[in-house]
Structures are given as structure tokens and as C-alpha cells.
Amino acid sequence: MVTTPEAKALRVEAGKYLKELRKSLKLNQKELADKVGIEFFTFVSQVEIGAAQMPPGLLKKWADALKIDHKEFATELLKYYQPEYFEMIFGGKARRKPS
């Protein structure tokens, strides 16, 4: 995981996006962790504050738990976790959707 200040800022933005989705479903971190199959709910907190990045192997489970289309979810997270790939695939700068 890249730890430059820019990468950290993008992980924080990803965390805000994920937290917004979780809260919109009125789930707490423990409930989300249970739905995703994560043993420690504190990992959800780490992802939401940008201290950790969501493992690629959990993308589908996390999307399902948050009731969001897989492609939409992966595309949005690509903006934060791999902005260079996002720009190469979709063109233009990766920008966060307004809340």
C-alpha cells in the first residue's frame, strides 16, 4: 500500500464514501463486518478512517452488504485506491461524487 500523503488523503476519501454508504443503510460497523464476514469490526473503522485499504478479495462482499452494484462500487473505489488506473480507463481526473 502506497503511503504518500496523497495516497493517504485518497484512502481517507474512500473511507468517507464507504461510511456514507454504511450509514445510509443504518448499519453500525459490527453489523457491516458480520455481513462482509470480517472477524474484527475494528477493520471497518480502519478502512473508514483511511488507515487501511479494503482488500480486493472483499469488494463483492462489501458491495453486497452495502447494496450497491458491483461495477459501480469497484469503479468508485478505483478512483481512490488506483487513481492512475481510473484515469487511464475512463479518462479525465478521478473526482468524488458529491454527497
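Check the entry above for the structure.
All figures in this text were calculated on a predicted structure; none of them were measured in a lab. (Residues numbered from 1 in each chain as written. Predicted model: local features only at pLDDT ≥ 70, side-chain atom pairs only at ≥ 80, totals over all residues. Heavy atoms only, no water.)

## As for the pattern of salt bridges
Pairing is possible between side chains of opposite charge, provided their charged atoms come close. Considering all chains together, one arrives at four salt bridges under this definition. A salt bridge links Arg-22 to Glu-48, with the shortest nitrogen-to-oxygen separation between them at 2.6 Å. In this pair, Arg-22 is assigned in helix H1 (residues 5–24) and Glu-48 in helix H3 (residues 42–48), connecting sequence segments 26 residues apart. Of the two residues examined, Arg-22 and Glu-48, each falls in the buried class. (Salt bridge = Lys/Arg side-chain N within 4 Å of Asp/Glu carboxyl O. Helix = DSSP H or I, 4+ residues; strand = E, 2+ residues; numbered from the N terminus. Buried < 20%, exposed > 50% of the residue type's maximum accessible area, 1.4 Å probe, protein only.)

## Digging into helix H5 (residues 70–81)
Helix length check: H5, at 12 residues, gives a terminal C-alpha distance of 16 Å against a target of 16 Å (1.5 Å per residue), a fit within 8%. Within H5, burial applies to Phe-73, Glu-76, Leu-77, Lys-79, Tyr-80 and Tyr-81. Of the surrounding secondary structure, the elements contacted by the buried residues of H5 are H1, H3, helix H4 (59–65) and helix H6 (83–90). Among the residues of H5, the N-terminal cap falls to Asp-69, whose side-chain oxygen and the backbone nitrogen of Lys-71 are separated by 3.1 Å. (Expected span 1.5 Å × (residues − 1). Contact = heavy atoms within 4.5 Å. Polar contact = N/O pair within 3.5 Å; in protein donor to acceptor, adjacent residues only side chain to side chain.)

## Structural notes on the packing of H5 against H6
At a minimum axis separation of 5 Å, H5 and H6 run at an interaxial angle of 125 degrees. Judged on the interaxial angle alone, H6 and H5 are oblique. Counting all contacts with H5, which are made through Thr-75, Leu-78, Lys-79, Tyr-80 and Tyr-81, the residues of H6 involved are Pro-83, Tyr-85, Phe-86, Ile-89 and Phe-90. Residues that form the contact of H5 with H6 fall into these classes: eight nonpolar, one polar and one charged. (Axes fitted to C-alpha atoms, helices over the stretch in contact; angles between N-to-C directions. Parallel < 35°, antiparallel > 145°, perpendicular 65-115°, else oblique. Nonpolar A, V, L, I, M, F, W, Y, C, P; charged D, E, K, R; others polar.)

## Notes on the packing of aromatic side chains
All chains considered together, the criterion is met by three aromatic pairs. Their ring planes at 40 degrees and their centres at 4.9 Å tell us that Phe-86 and Phe-90 sit as a pair that is tilted. Residue Phe-86 and its partner Phe-90 are both found in helix H6; the two are separated by four residues, about one turn of the helix. The class for Phe-86 is buried, based on a relative accessible area of 8%. The class of Phe-90 is partly exposed, set by a relative accessible area of 45%. Through successive ring pairs, a cluster of aromatic residues spans Tyr-17, Phe-73 and Tyr-80. (Phe/Tyr/Trp six-rings, centres within 6.5 Å; stacked < 30°, edge-to-face > 60°.)

No statement about biological role is implied by the geometric values presented.
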